[in-house]
2 protein chains.
Amino acid sequence: MIIDSHQHFVRLAKHPEVEGFRQAQLSAKNPDVLPSISDADVKKSLEQVVSLMDARNIDVAFASPRAKAMATHEGTPEQNAIWADLNNGLILRACQLNPGRFAPVGMLGQHPSCPSEQVAKQIERWTKEGFVAFNFDPDGTGGRWQNQPFTGKHNYPVFEAAQALDVPLVLHGSESINKNFPHTAVQYLVADITGFVQLMMAKDLFRDFPRLRFLIPHGGGALPCQIGRWRAIAKYNSWASPDEILGNGNVFVDTCVYNDLNMQMLFDAVPLDNMLFGSECDGAFPGVVNEQTGDHYDNTRRYVDDSKLSAGDKSRVFAANARRVYPRASRWLKS
Amino acid sequence: MIIDSHQHFVRLAKHPEVEGFRQAQLSAKNPDVLPSISDADVKKSLEQVVSLMDARNIDVAFASPRAKAMATHEGTPEQNAIWADLNNGLILRACQLNPGRFAPVGMLGQHPSCPSEQVAKQIERWTKEGFVAFNFDPDGTGGRWQNQPFTGKHNYPVFEAAQALDVPLVLHGSESINKNFPHTAVQYLVADITGFVQLMMAKDLFRDFPRLRFLIPHGGGALPCQIGRWRAIAKYNSWASPDEILGNGNVFVDTCVYNDLNMQMLFDAVPLDNMLFGSECDGAFPGVVNEQTGDHYDNTRRYVDDSKLSAGDKSRVFAANARRVYPRASRWLKS
């Protein structure tokens, strides 16, 4: 079995009724009625991604709303809760309409004013509906990084819910209105980097929540090529080392890197138990072809196939780790 | 010959008279008289770094003021110009007092209001004094990243001066007052990452300044492990690819990464012509020991020695590239 742990239903999020609803919210029209998207439209929006999964022999994907569309720096706490619920409802329906192919990962109605009890309630509600994990933006201010570090006590209600319900939090950036940080090329990686380092710095976090699990996407950002630096700085500052937060099973990374070289670096730097297969298909650069392979850049499966890992290790990366780290996914899997 | 292209005179910057001067500036006392540091004090502040260079067989280092102390988000444009001149004067004296061991790299009196003509004049002044390159903070707002991207036309006076005088600009972050971005662990890497990506995005920059050269320190930040992602995004967005800005000789990286694994990744990902030996010794984590080697983390020389590079390639990385990219350094070199 091959599980893609990192997919976004970008085309579903781009449905005009969905985008129109958010625009109406942000222009203070606050529609009373949620947009009504037909099952046919939901299924159609997924045709492309399902056909790519078939072509690549991906059995199941953990799918979440479009990351850019979280954009929780906009809107009020109330609007953002409704917006997250709308997106989660669509994700759930899309998963149900394609049985055996997807498991739902949720979006959260974060807000710079950080009503994290509300966010915790959303985790509870959507976990009951079958969600297996949630994207959590460590910024939440549109690339301006004006909040306190996400690891602080103000987010403890979120961490309590995530630990109690056994759902990992995926530290994923969102839309950036900061021109220094274009979203897919910089902001997401900045979120990965500060996400990982803040987890090294947070002395009490994993003492208070020993079973809390974070997923750092995009191959851990700079982790593979800066792990030496972070080991040194951690020692100098008496932070937890990268090895400690990885080794304790609190932090995981995915394989969203886009050539053989970068995939091998990931395998060389990060313990295999901490690695989940992922592709972002077809989100960050749909259809763009890697001239080295003649195939889409986001067919990350072939980079894993090409690697020096043994067959047993590949199957850990392709499925076993995802099943262990996302235990609630089992109900969505056929076998 | 071995040239360390990335050193900061941290201990010199920590001299109480120097730190006291900046504190007096920032409390609006604006002292009329610059602090008077004796030659003995200047030499003493460098004893440790010279002995480490001797132990590691480093012949020469390109040395600049403490990166954290640039902190150009504080102070007025006038204060920051004086502050940069003070630091540059000390660096120059330190280089002159240790003939054949150092070449001076300057600090610039940047300011969020960006009087880049003033910065350009500082480049002219200190280049005449013998400076071989300048650190340029792509943020300049203390980790808040509130300026427009540094590649914009507002910085053209700086780029004109740097190209005309044939001095590279080292894109180096500084102090961060943003708790999300601790300076050595996150802010510097964020500066590297957005620095590199902004250079991919800036369509006109290298058309307008074809001989302008930037050095991205810290092994290029995330470049080695995210080059696949950036190739894909560049193609999707019609930006210059990483290969283009490296191949055209506009962008270089140093070897400030801190174990054998990360050094080999750098050599595997970035063309050797674009790579300059560097160590940050003894800045970011002075004295911290790498348990894998039993030696200081920042003895990066041994990671190059341990690598699979041929002797000829090592000598390019150790010296030939630095001499080519920093042509003004020749007057400071013995041979």
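The structure displayed is predicted, hence computed values, not measured ones.

**Some remarks on the overall build of chain A**
Next up, step 1: Within chain A, the secondary structure is distributed over 15 helices and ten strands.
Next up, step 2: For chain A, the C-alpha radius of gyration of 19 Å lies close to 20 Å, the compact-globule estimate for 335 residues.
Next up, step 3: Overall size of chain A, expressed as C-alpha extent along the three principal axes, is 55 × 45 × 40 Å.
Next up, step 4: Expressed as a percentage of the 335 residues in chain A, the buried residues total 64%.
Next up, step 5: Within chain A, counting contacts between residues at least 6 apart in sequence, those at least 24 apart form 76% of the total.
Next up, step 6: In the structure as shown, chain A presents an accessible area of about 11500 Å², 49% of it carried by carbon and sulfur atoms.
Next up, step 7: The distance from the centre of the 34 positive side-chain charges to the centre of the 37 negative ones in chain A is 2 Å.

**A look at the relation of the copies chain B and chain A**
Next up, step 1: Turning chain B through 180 degrees and shifting it by 0.0 Å along the axis lays it on chain A, with an RMSD of 0.0 Å. Each copy turns onto its partner about a two-fold axis. It is Ala222 of chain B whose C-alpha, among those of chain B, lies nearest the rotation axis, at 2.3 Å.

**Considerations on the environment of Phe277 of chain B**
Residues and elements named next belong to chain B.
Next up, step 1: Positionally, Phe277 belongs in the loop between β8 (275-276) and β9 (289-290).
Next up, step 2: A sequence separation of 108 residues divides Phe277 from Leu169, and the C-alpha atoms of the two residues are 16 Å apart.
Next up, step 3: In this structure Phe277 touches Ile2, Ile3, Asp4, Ser5, His6, Ile58, Thr255, Thr300, Arg301, Val304, Val317 and Phe318, once residues within four positions along its chain are discounted.

**A look at the sheet that holds strand β8 (residues 275-276) of chain A**
Residue and element names in this part refer to chain A.
Next up, step 1: Pairing in this open sheet of eight strands is parallel, and the strands run β1-β2-β3-β4-β5-β6-β7-β8 from one edge to the other. Edge positions in the sheet fall to β1 (3-8) and β8, since each has one partner strand and no second.
Next up, step 2: Two strands pair when backbone bridges link them, and strand β7 (residues 251-254) and β8 are joined in this way by two bridges, in the parallel orientation. By the bridge assignment, Asp254 is partnered in β8 with Leu276.
Next up, step 3: Across the face of the sheet, helix α5 (residues 77-97) comes into contact with β2 (60-64) and β3 (102-106) while running at roughly 170 degrees to β3.

**Digging into the environment of Val10 of chain B**
Next up, step 1: With respect to the secondary-structure elements, Val10 of chain B resides in helix α1 (residues 10-13).
Next up, step 2: In the structure, Val10 of chain B is positioned 274 residues away from Ala284 of chain B in sequence and 9.2 Å away in space, judged by C-alpha atoms.

**Quick notes on the pattern of salt bridges**
Residues and elements named next belong to chain A.
Next up, step 1: Tallied over the full model, the rule gives 30 salt bridges over all chains.
Next up, step 2: Of the charged contacts in the structure, one is a salt bridge between Asp39 and Arg93, with a shortest N-O distance of 2.5 Å. With Asp39 in helix α3 (residues 39-45) and Arg93 in helix α5, this pair connects stretches of sequence that are 54 residues apart.

**With respect to the pairing of strand β4 (residues 133-136) of chain A**
Residue and element names in this part refer to chain A.
Next up, step 1: Neither face of β4 is exposed, since Ala133 and Asn135 on one face and Phe134 and Phe136 on the opposite face are all buried.
Next up, step 2: In this fold, β3 hands off to helix α6 (residues 116-128), which returns the chain to β4; that crossover is right-handed.
Next up, step 3: As defined by bridge partners, β4 adjoins strand β5 (residues 169-171) across three bridges and the pair is classed as parallel. Note that in β5 the partner of Phe136 across the bridge is Leu171.

**What to know about the interface of chain B and chain A**
Next up, step 1: Taken together, the contact between chain B and chain A spans 55 residues of the former and 55 residues of the latter.
Next up, step 2: Buried area between chain B and chain A, both sides added, is near 4600 Å², and the carbon and sulfur share of it is 60%.
Next up, step 3: On the chain B side of the interface with chain A, the three residues burying the most area are Asn180, Cys225 and Arg229 of chain B, jointly 15% of the side's total.
Next up, step 4: Counting the contacts that link chain B with chain A gives four salt bridges.
Next up, step 5: Between Lys235 of chain B and Glu291 of chain A there is a salt bridge; the shortest N-O distance is 3.0 Å.

**With respect to the sheet that holds β8 of chain B**
All names here are of chain B.
Next up, step 1: Ordered by their spatial adjacency, eight strands build an open sheet running β1-β2-β3-β4-β5-β6-β7-β8, and the pairing between neighbours is parallel. Edge positions in the sheet fall to β1 (3-8) and β8, since each has one partner strand and no second.
Next up, step 2: As paired elements, strand β5 (residues 169-171) and strand β6 (residues 214-216) share two bridges and run parallel to each other. By the bridge assignment, Leu169 is partnered in β6 with Phe214.
Next up, step 3: With respect to the sheet, helix α4 (residues 47-55) is in contact with β1, β2 (60-64) and β3 (102-106), its orientation differing from that of β3 by roughly 125 degrees.

**Things to note about the state of the cysteines**
Next up, step 1: A full pass over the atoms with the stated rule returns one disulfide over all chains.
Next up, step 2: Sulfur of Cys95 of chain A: no disulfide; nearest cysteine sulfur belongs to Cys281 of chain A and is 15 Å away.
Next up, step 3: The thiol of Cys256 of chain B is unpaired, and the distance to the nearest cysteine sulfur, on Cys281 of chain B, comes to 10 Å.
Next up, step 4: Accessibility expressed as a relative area gives 0% for Cys256 of chain B, which makes it buried.

**Topic: the packing of helix α13 (residues 260-269) of chain A against helix α13 (residues 260-269) of chain B**
Next up, step 1: At a minimum axis separation of 11 Å, α13 of chain A and α13 of chain B run at an interaxial angle of 175 degrees. With respect to their mutual orientation, α13 of chain A and α13 of chain B come out roughly antiparallel. Contacts from Leu261, Met265, Asp268 and Ala269 of chain A of α13 of chain A reach α13 of chain B at Leu261, Met265, Asp268 and Ala269 of chain B.
Next up, step 2: Residues that form the contact of α13 of chain A with α13 of chain B fall into these classes: six nonpolar, no polar and two charged.

**Notes on the packing of aromatic side chains**
Next up, step 1: Using the criterion set out here, one finds 35 aromatic pairs over all chains in the structure.
Next up, step 2: For the pair Phe181 of chain A and Phe181 of chain B, a centre-to-centre distance of 6.5 Å together with 80 degrees between the ring planes defines the contact as edge-to-face. Note that Phe181 of chain A is positioned in the loop between β5 and α8 (183-201) and Phe181 of chain B in the loop between β5 and α8 (183-201), a pairing that runs across two chains.
Next up, step 3: Residue Phe181 of chain A is classed as buried on the basis of its relative accessible area of 0%.
Next up, step 4: Here a set of aromatic residues connected by ring pairs shows up, and it is made of Phe136, Phe150, Tyr156, Phe159, Phe206, Phe209 and Phe214 of chain A.
Next up, step 5: Above the ring of Phe318 of chain A, the side-chain terminus of Arg301 of chain A is found at 5.6 Å from the ring centroid.

**Description of the environment of Asn135 of chain A**
Next up, step 1: For Asn135 of chain A, the location among the structural elements is in strand β4.
Next up, step 2: With sequence-adjacent residues up to four places away left out, Asn135 of chain A is seen in contact with His8, Ser64, Pro65, Met70, Val105, Gly106, Leu108, Gln110, Val170 and His172 of chain A.

**A look at the confidence of the model for chain A**
Next up, step 1: Looking at chain A, the pLDDT average stands at 96 and 100% of residues meet or exceed 70.
Next up, step 2: Across the interfaces of the predicted complex, the ipTM metric reaches 0.98, alongside a pTM of 0.98.

**Overview of unusual backbone geometry**
Next up, step 1: Between Cys281 of chain A and the following residue, Asp282 of chain A, the backbone shows a cis peptide bond with an omega angle of -20 degrees.
Next up, step 2: For Asp282 of chain A, the position within the fold is in the loop between β8 and β9 (289-290).
Next up, step 3: A positive phi angle, near 55 degrees, is found at Ser238 of chain B, a position not held by glycine.
Next up, step 4: Within the secondary structure layout, Ser238 of chain B lies in the loop between α11 (223-237) and α12 (242-247).

Conventions adopted
Residues numbered from 1 in each chain as written. Chains lettered and ligands numbered in written order. Predicted model: local features only at pLDDT ≥ 70, side-chain atom pairs only at ≥ 80, totals over all residues. Heavy atoms only, no water. Helix = DSSP H or I, 4+ residues; strand = E, 2+ residues; numbered from the N terminus. Rg over C-alpha atoms; globule rule 2.2 N^0.38 Å. Buried < 20%, exposed > 50% of the residue type's maximum accessible area, 1.4 Å probe, protein only. Contact = heavy atoms within 4.5 Å. Areas by Shrake-Rupley, 256 points an atom, 1.4 Å probe, with all protein chains shown as cover. Lys, Arg positive; Asp, Glu negative; His and termini not counted. Charge placed at Lys NZ, Arg CZ, Asp CG, Glu CD. Least-squares fit on C-alpha atoms with pLDDT ≥ 70 in both. Pairing = 2+ DSSP bridges. Axes fitted to C-alpha atoms, helices over the stretch in contact; angles between N-to-C directions. Salt bridge = Lys/Arg side-chain N within 4 Å of Asp/Glu carboxyl O. Right-handed = clockwise from strand over helix to strand, strands pointing away. Buried area = accessible area lost by both parts, 1.4 Å probe. Disulfide = S-S within 2.5 Å. Parallel < 35°, antiparallel > 145°, perpendicular 65-115°, else oblique. Nonpolar A, V, L, I, M, F, W, Y, C, P; charged D, E, K, R; others polar. Phe/Tyr/Trp six-rings, centres within 6.5 Å; stacked < 30°, edge-to-face > 60°. Lys NZ or Arg CZ within 6 Å of the ring centre and 35° of its normal. pLDDT = per-residue confidence, 0-100.

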